[in-house]
Amino acid sequence: MTPVGAGVFVQLPKRADVINVGLPLFEDSLKAQSVAVVGTEWRIPGRGKESVVAALARLWGPKSKLIETANAEVLSRLNRGRPMLRAIERAGAVIPEMSERTLLHCGPAIRWSEMCDPLRRSLTAAVVVEGWAQNAEDAACLLAADSVELKPANEHSVVLPMATVIGPSTPVYVVENDIGSTRAYSSINQGAGAVQWFGVNSAAAVERLAFIRDTIGPILAETLRRSGPIDILSLVAQGVLMGDDVHLRVQATTNLLLKELLPFLVQSQHGRLADVAEFLSRNHMMFLNVAMAAAKSLVDAAATVQNASIVTTMARNGTSYGIRLAGVSDRWFLASAPSVQDALYYPGFGPEVSARDIGDSAVLELVGLGGAAAANSPAVAAILGGRMADARSATERMRRICAGESTRFRMPFLENAGTPVGVDVRRVVEFSITPGVSTGIIHATDGVGQIGAGVAWAPLKCFTDALLELDARIV
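This section reports on the structure supplied with the text. (Residues numbered from 1 in each chain as written. Predicted model: local features only at pLDDT ≥ 70, side-chain atom pairs only at ≥ 80, totals over all residues. Heavy atoms only, no water.)

## Regarding empty space enclosed by the protein
Here is step 1: This structure, assessed with the given rule, holds three cavities of 30 Å³ or more.
Here is step 2: The volume enclosed by the largest cavity comes to roughly 150 Å³.
Here is step 3: Forming the boundary of the largest cavity are 18 residues, of which Val129, Val165, Thr170, Pro171 and Leu209 lie nearest the centre.
Here is step 4: Residue contributions to the lining of the largest cavity peak at four residues, all from helix α7 (residues 203-227). (1 Å grid on protein atoms, 1.4 Å probe; cavity = no way out; pocket = protein on both sides within 12 Å on 5 of 7 lines; lining within 4 Å. Points joined across faces, edges and corners; volume = space filled by probe spheres on them. Helix = DSSP H or I, 4+ residues; strand = E, 2+ residues; numbered from the N terminus.)

## Description of a nonpolar patch on the surface
Here is step 1: Taken together, the side chains of Tyr346, Phe349 and Val448 present a nonpolar region at the surface, about 250 Å² in accessible area.
Here is step 2: As for its placement among the helices and strands, Tyr346 is situated in the loop between β15 (342-345) and β16 (358-359).
Here is step 3: Residue classification places Tyr346 among the partly exposed residues on the basis of a relative accessible area of 40%. (Patch = residues over 30% accessible without salt bridge, like charges linked within 9 Å, V, L, I, M, F, W, Y side chains within 5 Å. Areas by Shrake-Rupley, 256 points an atom, 1.4 Å probe, with all protein chains shown as cover. Salt bridge = Lys/Arg side-chain N within 4 Å of Asp/Glu carboxyl O. Buried < 20%, exposed > 50% of the residue type's maximum accessible area, 1.4 Å probe, protein only.)

## Some remarks on the side chain of Thr313
Here is step 1: Tracing the sequence through the fold places Thr313 in strand β12 (residues 311-317).
Here is step 2: For Thr313, a relative accessible area of 4% translates into the label buried.

## Here's the deal with the packing of helix α3 (residues 64-80) against helix α11 (residues 286-302)
Here is step 1: Contact pair α3 / α11: the axes reach a minimum separation of 9 Å and the direction vectors enclose 155°. By the angle between their directions, the pair α3 and α11 is classed as roughly antiparallel. Note on packing geometry: the crossing formed by α3 with α11 is right-handed. Where α3 abuts α11, its residues Val74, Arg77 and Leu78 lie against Leu298, Val299, Ala301 and Ala302. (Axes fitted to C-alpha atoms, helices over the stretch in contact; angles between N-to-C directions. Parallel < 35°, antiparallel > 145°, perpendicular 65-115°, else oblique. Left-handed = near helix turned anticlockwise from the far one by under 90°. Contact = heavy atoms within 4.5 Å.)

## Quick notes on the layout of surface pockets
Here is step 1: Of the pockets and cavities examined, the largest pocket occupies roughly 410 Å³.
Here is step 2: Forming the boundary of the largest pocket are 26 residues, of which Leu248, His284, Met285, Gln450 and Ala453 lie nearest the centre.
Here is step 3: Its residues placed into classes, the lining of the largest pocket shows 14 nonpolar, 11 polar and one charged. (Nonpolar A, V, L, I, M, F, W, Y, C, P; charged D, E, K, R; others polar.)

## Side note on the packing of aromatic side chains
Here is step 1: In total, this model carries two aromatic pairs according to the counting rule given.
Here is step 2: When the centroid spacing of 4.2 Å and the interplanar angle of 25° are considered together, the rings of Trp197 and Phe198 count as stacked.
Here is step 3: By relative accessible area, Trp197 is classed as buried at 4%.
Here is step 4: By relative accessible area, which is 5% here, Phe198 ends up buried.
Here is step 5: A centroid spacing of 6.0 Å and a plane angle of 85° characterise the contact between Phe211 and Phe279, whose relative ring orientation is edge-to-face. Of this pair, Phe211 sits in helix α7 while Phe279 sits in helix α10 (residues 273-282), and the two are 68 residues apart along the sequence. Phe279 shares its class with Phe211; the two are buried.
Here is step 6: Stacked on the ring of Trp112, the Lys or Arg Arg120 has its end atom at 4.7 Å from the ring centre. (Phe/Tyr/Trp six-rings, centres within 6.5 Å; stacked < 30°, edge-to-face > 60°. Lys NZ or Arg CZ within 6 Å of the ring centre and 35° of its normal.)

## A closer look at the sheet that holds strand β13 (residues 320-325)
Here is step 1: Spatial strand order, β14-β13-β12-β16: four strands in an open sheet with antiparallel pairing. The sheet terminates laterally at β14 (333-336) and β16, the two strands that pair on one side only.
Here is step 2: Across the sheet, helix α15 (residues 460-473) lies against β12, β13 and β14, angled at about 160° from β14, the strand it touches most. (Pairing = 2+ DSSP bridges.)

## Description of helix α6 (residues 136-144)
Each α-helix turn comprises 3.6 residues. Residues three or four places apart therefore point the same way.
Here is step 1: Among the residues of α6, Ala136, Ala139 and Leu143 are the ones counted as buried. For α6, the angular spread of the buried residues around the axis is 55°, confining them to a single face. Opposite the buried face of α6, at more than 90 degrees from it, the exposed residues are Glu137 and Cys141.
Here is step 2: As for α6, its buried residues are in contact with β6 (102-105), α5 (117-130) and β7 (149-152).
Here is step 3: Residue Asn135 occupies the N-cap position of α6, its side-chain oxygen lying 3.2 Å from the main-chain nitrogen of Glu137.
Here is step 4: The positive-phi residue at the C-terminal boundary of α6 is Asp146, with phi of around 60°. (Arc of directions from axis to C-beta. Polar contact = N/O pair within 3.5 Å; in protein donor to acceptor, adjacent residues only side chain to side chain.)

## Digging into the environment of Val206
Here is step 1: Tracing the sequence through the fold places Val206 in helix α7.
Here is step 2: Counting along the chain gives 76 residues from Val206 to Glu130, while the straight-line C-alpha distance between them is 9.7 Å.
Here is step 3: If we ignore the near neighbours within four places in the chain, the residues touching Val206 are Ala125, Val128, Val129 and Asn201.

## Here's the deal with the sheet that holds strand β19 (residues 436-442)
Here is step 1: Taken in spatial order, the three strands make up an open sheet running β15-β20-β19, and their pairing is antiparallel. Each of the sheet's edge strands pairs with one partner strand only, and the pair in question is β15 and β19. With direction set aside, neighbouring strand axes in the sheet form an average angle of 15°.
Here is step 2: Direction of pairing for β15 relative to strand β20 (residues 450-457): antiparallel, over a ladder of four bridges. When the sheet's bridge partners are listed, Asp342 is paired in β20 with Val455.

The following block contains the structure:
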């Protein structure tokens, strides 16, 4: 009995179950004393900035009904879309508004003078393989003189992984979303080693590009004509069940694609069929670009929905990080590209020599793959600390900032729950939690290619700017 006043006593409980809100220090202290405690993460909404908090209040309050209706339509398009791999064609022949003197690059628009070293190297390799210059030095002079038109791939329904750059002669996957009536494109993955998509412009990297253009592309195009269209997301759904996040790890899904193509591939009479078969068997990232084009066809179908708070573009060029919202596809919201924070490096390399986050592959996180599917991928867990609990934490972070759940990508490690889908700027800004993107890491200056892999967390600024624009737009 404890006295609390004159003649008044209370019986204190002998056991207490505690809910800790905010700082984990108190939670950890109680756990150390074997006290039952449930931790609740809480942060000041919008980091306490008055204009942001006011915008959040309106977007979650009087404007929320309009937004929720729009978001439901966006989620429906992301979940119901059916991207089909139809063909492989020459980029200049099929990509809208791509001239014969145009190069498409990853990420938001950027000038040559502002580009990081890996993207510059990739551009020079593309100029050489197009035959516009004899070597990388001459190519750099052309680019510095603005003699080649440079455009963001995303603005032409194209998505490119890492530091990839494509020209008009590049063979590209043609993916059509049967439900969304959108078409998207991506290049053929170049495989491992010192190659252009990892920011390398060596003679060998240019030779790999030529091999893909002149041999891989035509044989795969012929194979697809025999096989007929391939339902991409049916393969993705199987791959997720087999441990792929379909971003950092795509081995299982790549094998499923090759299994689909194999009976038709072996019918080719091409003289270099054996070389192509060897390339395909060694390229465990082959499916990445296919999945990216499928994701792009989904987000482009959702991008026409007005008044939604869901992100439909997320891309990086190694210098800046850009997002776009549904309903305003002509406006980018930009911030500086971050470093890759959670990373594993090859021996001899570390964060001091790594380039900043780069590539269009973050489109996969917008449709429920990559970081959203980390909880089901032991390969991603290895990067995030080695435990599946770390991978689950990454997926739960994504769940807190997403508007819904995938109806087709299921995670056995989480009781077959759907992966989180539909990154909502309101949630991102309210909780100050940004999307985590599974990605490779390339050398910042030496042109040696990939040096590791990890997860990059998007900068908050571009989401905050998008939120304020959304609040101003909806009256």
